[in-house]
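Survey of secondary and tertiary structure
Given next are the chains, with one letter for each unit.
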Amino acid sequence: QVQLVESGGGLVQAGESLRLSCAASGSFFSINTMGWYRQAPGAQRELVADITGGGRTNYADSVKGRFTISRDNAKNTVYLQMNSLKPEDTAVYHCNARGTVVRYTLTPLDAWGQGTLVTVSS
């Protein structure tokens, strides 16, 4: 079906930058929206940003002006450029893809990656 593999997490100092990548692989699928969610220990999972196939973006208020989401449709890859990182950005970041599975019949697709850890120190 679909597998999502994230990369780019790591440990950085406050004010530094990271770029996350998520590549979708498999067959018989069509992706519409891709996004990034994060969850810190003891906190609820929240949407960070998402982007439609047409390039429309949506950001959480807490990251507006600092993060930029983009995608390469040909590669089924979504990116999250994270600038001016803050300690409160520390979380496990999960990639999400929504669309359609097109094997035999059309069924909804809602795939998640394994997560990549971002740690921002003060």
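Here, the structure is the one placed above.
Note that the coordinates shown come from a computational prediction; the quantities given were computed from them, not determined experimentally.

**Overview of the environment of glycine 99**
- By the element assignment, glycine 99 lies in strand S9 (residues 91-101).
- Separated by 75 residues in the primary sequence, glycine 99 and alanine 24 place their C-alpha atoms 12 Å from one another.
- Setting aside residues no more than four positions away along its own chain, glycine 99 makes contact with Ser30, Ile31, Asn32, Thr107, Pro108 and Leu109.

**What to know about the nonpolar core**
- Counting residues in hydrophobic clusters, the biggest one holds 32 residues, and the most contacted among them are Trp36, Leu80, Met82 and Tyr93.
- Ranked by residues supplied to this core, first place goes to S9 with 5 residues.

**Section: a nonpolar patch on the surface**
- A cluster of nonpolar residues, Phe28, Val102 and Leu106, forms a patch on the protein surface that exposes about 300 Å² of accessible area.
- Counting through the fold element by element, phenylalanine 28 comes out in the loop between strand S3 (18-26) and strand S4 (29-39).
- Of the residues examined, phenylalanine 28 reaches a relative accessible area of 42% and is grouped as partly exposed.

Rules and cut-offs
Along each chain, numbering runs from 1 in the same order as the chain's sequence is written. Side-chain atom pairs in this predicted model are given and counted only at pLDDT of 80 or more, local residue features only at pLDDT of at least 70, and totals for whole chains, interfaces and linings cover all residues. Side-chain measures here rest on the full set of heavy atoms in the structure, leaving out hydrogens and waters. Strands are runs of DSSP state E lasting at least two residues, helices are runs of H or I lasting at least four, and both sets are numbered from the N terminus onward. Here a residue-residue contact requires only that any non-hydrogen atoms of the pair lie within 4.5 Å. Only buried Ala, Val, Leu, Ile, Met, Phe, Trp, Tyr and Cys residues count toward a nonpolar core, and they belong to the same one when joined by side-chain atoms within 4.5 Å. The classification of residues rests on relative accessible area computed with a 1.4 Å probe and restricted to protein chains. Under 20% of the type maximum is buried, over 50% is exposed, and intermediate values are partly exposed. Residues enter patches when they are more than 30% accessible in relative terms and free of salt bridges; like-charged ones are connected within 9 Å and nonpolar ones (Val, Leu, Ile, Met, Phe, Trp, Tyr) within 5 Å. In short, Shrake-Rupley with a 1.4 Å probe defines the accessible areas, and a residue's cover is counted only from the protein chains shown. We count a salt bridge whenever a side-chain nitrogen from Lys or Arg sits within 4 Å of a carboxyl oxygen from Asp or Glu.

Without other data, these values stay purely geometric and don't point to any function.
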